[in-house]
Structures are given as C-alpha cells and as structure tokens.
Amino acid sequence: MTYRARYACFAGCGEHHELDEVIYRCRNCGSLLDVEHDVEALRDRAPAAWMNLFERRWMRTEWPYGSGVWGKREWVLPGIDDASIVSFAEGGSNLLWAERYGRSIGLPDLWVKQCGNSHTGSFKDLGMTVLVSAVREMIRRGRPVRAVACASTGDTSAALSAYCAAAGIPSLVLLPRDKVSVAQLLQPLANGAMVFSLDTDFDGCMKVVQALTADGSIYLANSMNSLRIEGQKTVAMEIVQQFEWEVPDWIVLPGGNLGNVYALGKGLMLMRDLGLISKLPRLCVAQAANANPLYRAYVAGFDRYEPITATRTSASAIQIGAPVSIDRAIRVLRATDGVVEQATEDELADAAARADRTGMFNCPHTAVALAAVEKLIAAGTIDPSQRVVVVSTAHGLKFAEFKGAYHQGRLDGVTSRHANRPIELPADVDAVRRVLDAQPPPT
Ligand SMILES: *Cc1c(COP(=O)(O)O)cnc(C)c1O
Ligand SMILES: [Zn+2]
C-alpha cells in the first residue's frame, strides 16, 4: 500500500501543493499550509494493526526505527527514501510518573513527558528530523537549496544546526541578542552554523528570516513550515502508546509560537480518525504572563486576537508576542475543549524550584506548565482524580543561568523561597561536622 500526503491550505480555500515544493503559505489566500494525509488509504490497516506495527518498531536499532518519529513514518512523511532520513534517534522519551511532586499539589496521577531528553535537549528535534530529511531528499533529487535558515528563541536553532551538520547541509540561524541561554548560543556555533545575533526580539528575527528566504534559494525552517508539525505530532501518539493506548484526561504544555499545541492536537485527531482512540484529552496551553497573546485571546472568548510586544521572561523560548500558529492553536483548543492559563515569573520560578526538590530539573517553560496545572487544580478545572500529562519541552541543563539566578536570589520579580547555596569550607571534616550538627532535625 502506498500512502500519500500533500500540502493543503489551512484556511480551506482548496489550494494543494506537493511536499517537495519550496512553499510555506497558500498562494491563493496567504494562509498557512497543512500537511494533509490520505486518511482513507491509512484506514487499510485496522487500529490494532497500526498499534502492533508501532509496538514492533518502538526504539529498535534497525534504521530508521531507533527514532520514535520514523517508527510512525506512514503518518508523518510517507514515501521518503531511507537514505534521505537524517535522524538522531529522537522521540521515545520517557514518560515519568511525577509521584512526589504530584502528591504535593494534590494530583497523584501526574506524569511528565520528558521531551527535553533528546539529542539537542528539546522537543524541536521531533520536527527537525522531518524537515531536514525532506530537504535532503529535495537536494538528492536535484533541487538547488543553498542553505536552511531559521529565526529562533534558542531551541529550533540548536536542532536545525545539528541535523544540518549531520546531513552536510549549510545552516543559518538568527537569534535575538542576549535572549537565549549560553548553551543555546553555543550549540549552533559548535555545529558550524552561521549564527547571527540580532539586536531585536524573536518577532524581529522572524521578519528578517522571512525576507531572507523569500526567493526560495534558502529554505525556511520555522514552524510556519508545516513539515516540522508532522514530526512534532508524534508526541501525541507516544503519550497514548506509553499508557497502553489509553488517553489521559489532560495534556498541558507551554506555548509560544503555538506550533507544538497544533501538532499535539493534530496527532490526537489523526489517532481518533483512524480509530486508535475514541476520545480526546482536554488540552491546556500555558503561557508566561509576560508573553501571553493566546491567553488574552482565550479570556476574550477567542473572538479577538491582538499580537503584543512580549516582555522579558525566564521562559525565554516562549517570549513571543505574535505567534505564527495562532489560528492553528485556536482550532485545536476549540476541538479539545481546551483552556489557556498563564504564570507570572514568581509562579513559574517557584513551581520549578518545588518540582526540582522532588528530583526533577525543569526548564522554565516546563515550569510554566506546572504552575498552570497548580492553578487549574485550585480553580477546580482539573479534578484531583484526573490523569494529567505535562509535556516538558526542554532539558533543564540548557537553562543553568535560570537555576543559578534563582538559587542566588537574583531573578527579577521572584522570591527565592527554596534557594539552596553551596556551603564553602576548608577541607576539614570537623568544619563540615559542625555545620551538619547545627542543622535543625528533619521535619
Ligand atoms: C519552542 C519551545 C516552546 C514553544 O513551542 P511553540 O511550538 O513555539 O509553542 C516551549 N518550550 C521550549 C523549551 C521550546 O523550545
Ligand atoms: Zn488558501
């Protein structure tokens, strides 16, 4: 059986394009594009047959099934040649039971999908393996692509430069100066990307990269490019598969440009349309209060949306005021009875610190989602008996400056209630013992 996918206009005006065309928006109406699969053809396998196939491939050594994304290849990018695939065995990240933290907030069935446990330390790898593989296939078929470029808040650029380096394709990344972490700046430099540090914010970098890629000779890797969504949507299938094909009550994730919530919703709806699941979880997008255009639109009943100028947040990867995928996000939130919550700098830093005290090591974006879960429990929107999954979007080690500033009490607008500092002493056992003996007994 051969499966097919092509671009369709997201607004539904009827335009279609082949996936190897260099195109990001509908030529007719300017809307974003969507990868449309031939769902009728995919119905040739029964739900149980798809489950068996996916279970058989799950995290195998056989190329390319070390990747959770390519294990679902028929639903992602059917027809791509194995030799074009550029993969770092992304996907298949652990889904951990956050037992102690969950109990501490009155939610014993809380789980965290650790998408940051990935090659470049964020979920962006899930989408980038698809995009760079598609570009490599275009180049192998003779299409002239000089380079691949993106604007980024730090994680897309790390993923793009790593996958391009693996494929030997030049990459360019545009970063807002002083608004990404040291690790995020070093990743593309180490991988040999051309790195532009621009005196603007993410939204400013986005404008430059769109102009730079307008003539088609440089391929655009931002999430307005729908190929990335196809890889990112496999997180939905992984979560359900890891629960033995049962659907949780809620999935909560941080959102900035809002491609990821669309990807999650798209993955869930495909599973429903193919009969693998019979209900959808409710979705929650969590935003930083300093970068909350979707939250504002939600409060207004999604009738009104205004881009804003986002202000500084520790959750720097979601410091975005004009999200490209706003319409996509609203569509899936409406389809899943979804909600939007926000977290202040103090709320996110406090949630990160308390969760870290239970053994996690959360990035600030994941902390926005954790703070949102706490607020939804307090509001009675999430019931304590429900099963909730938080999508952790990046590894905490990429955000060491955030942790350091918190524990030194240097984060603006944040009270460091759980700060922990090294105790500096001479190398003398008695000095260590004196400090230990002066500790209050554990409570
Ligand atoms: C990109 C990113 C997000 C936001 O994803 P969107 O698709 O832009 O909403 C959240 N957290 C981290 C760590 C990211 O890198
Ligand atoms: Zn259109």
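Our structure's up above, just so we're on the same page.
Rules used throughout
- Residues numbered from 1 in each chain as written.
- Chains lettered and ligands numbered in written order.
- Predicted model: local features only at pLDDT ≥ 70, side-chain atom pairs only at ≥ 80, totals over all residues.
- Heavy atoms only, no water.
- Phe/Tyr/Trp six-rings, centres within 6.5 Å; stacked < 30°, edge-to-face > 60°.
- Helix = DSSP H or I, 4+ residues; strand = E, 2+ residues; numbered from the N terminus.
- Buried < 20%, exposed > 50% of the residue type's maximum accessible area, 1.4 Å probe, protein only.
- Arc of directions from axis to C-beta.
- Contact = heavy atoms within 4.5 Å.
- Pairing = 2+ DSSP bridges.
- Donors = N, O, S within 2.8 Å, 3.2 Å for Na, K, Ca; no water.
- Tetrahedral: all angles 85-135°; square planar, octahedral: opposite > 155°, others 65-115°.
- Near = heavy atom within 4 Å.
- Polar contact = N/O pair within 3.5 Å; in protein donor to acceptor, adjacent residues only side chain to side chain.
- Areas by Shrake-Rupley, 256 points an atom, 1.4 Å probe, with all protein chains shown as cover.
- 1 Å grid on protein atoms, 1.4 Å probe; cavity = no way out; pocket = protein on both sides within 12 Å on 5 of 7 lines; lining within 4 Å.
- Sits in = over half its atoms within 2 Å of the grid points.
- Nonpolar A, V, L, I, M, F, W, Y, C, P; charged D, E, K, R; others polar.

Focus on the packing of aromatic side chains
Right, so step 1: Taken as a whole, this structure holds 10 aromatic pairs when the rule is applied.
Right, so step 2: On the basis of an interplanar angle of 45° and a centroid distance of 5.8 Å, the ring pair of Tyr-3 and Trp-50 is categorised as tilted. Of this pair, Tyr-3 sits in the segment before β1 (5–9) while Trp-50 sits in helix α2 (residues 47–57); the two residues are 47 residues apart in sequence, bridging distant segments of the chain.
Right, so step 3: Here Tyr-3 falls in the buried class, since its relative accessible area comes to 12%.
Right, so step 4: By relative accessible area, Trp-50 is classed as buried at 0%.
Right, so step 5: In this structure an aromatic cluster arises from ring pairing among Tyr-3, Trp-50, Phe-54 and Trp-75.

Points about α2
Right, so step 1: Turning to α2, its buried residues number three or more, namely Trp-50, Met-51, Leu-53, Phe-54 and Arg-57. The arc that holds every buried residue of α2, seen down its axis, measures 165°, which confines them to one face.
Right, so step 2: In the core, the buried residues of α2 are packed alongside α1 (39–42), α3 (73–76) and α10 (234–242).
Right, so step 3: At the C-terminal side of α2, Met-59 shows a positive phi close to 55°.

Concerning the sheet that holds β1
Two pairing modes exist for strands in a sheet, parallel and antiparallel, and in both the strands are linked by backbone hydrogen bonds.
Right, so step 1: Spatial strand order, β2-β1-β3: three strands in an open sheet with antiparallel pairing. The sheet is open, and its two borders are formed by β2 (16–17) and β3 (33–37), each paired with just one other strand.
Right, so step 2: Where β1 and β2 come together, two bridges link them in antiparallel fashion. Bridge assignment links Ala-8 to a residue of β2, and that residue is His-16.

Thoughts on the coordination of the zinc ion (ligand 2)
Right, so step 1: Within the protein, the atoms that donate to the zinc ion (ligand 2) are Cys-9 (SG), Cys-13 (SG), Cys-26 (SG) and Cys-29 (SG), at distances of 2.3 Å.
Right, so step 2: In this structure, the zinc ion (ligand 2) is surrounded by four donor atoms whose angles at the metal cover 99 to 124°, and the resulting shape is tetrahedral.
Right, so step 3: Spacing between the donor residues of the zinc ion (ligand 2) along the chain follows C-x3-C-x12-C-x2-C. Placement of the pair is Cys-9 in strand β1 and Cys-29 in the loop between β2 and β3, with a sequence separation of 20 residues.
Right, so step 4: A residue is classified by how much of its surface remains accessible, and Cys-9, at 7% relative accessible area, is buried.
Right, so step 5: Taking relative accessible area as the criterion, Cys-29 reaches 43% and is therefore assigned partly exposed.

Focus: the site of ligand 1
Right, so step 1: Close to ligand 1 lie 14 residues, the nearest being Lys-124, Asp-155, Gly-256, Asn-260 and Thr-393.
Right, so step 2: Separating an oxygen atom of ligand 1 from a backbone N or O atom of Leu-258 is a distance of 2.8 Å.
Right, so step 3: Look at ligand 1: alone it shows 380 Å² of surface, and the protein chains cover 97% of it.
Right, so step 4: Taken atom by atom, the bulk of ligand 1 overlaps the largest cavity.
Right, so step 5: Across the shell around ligand 1, the residue classes tally to five nonpolar, seven polar and two charged.

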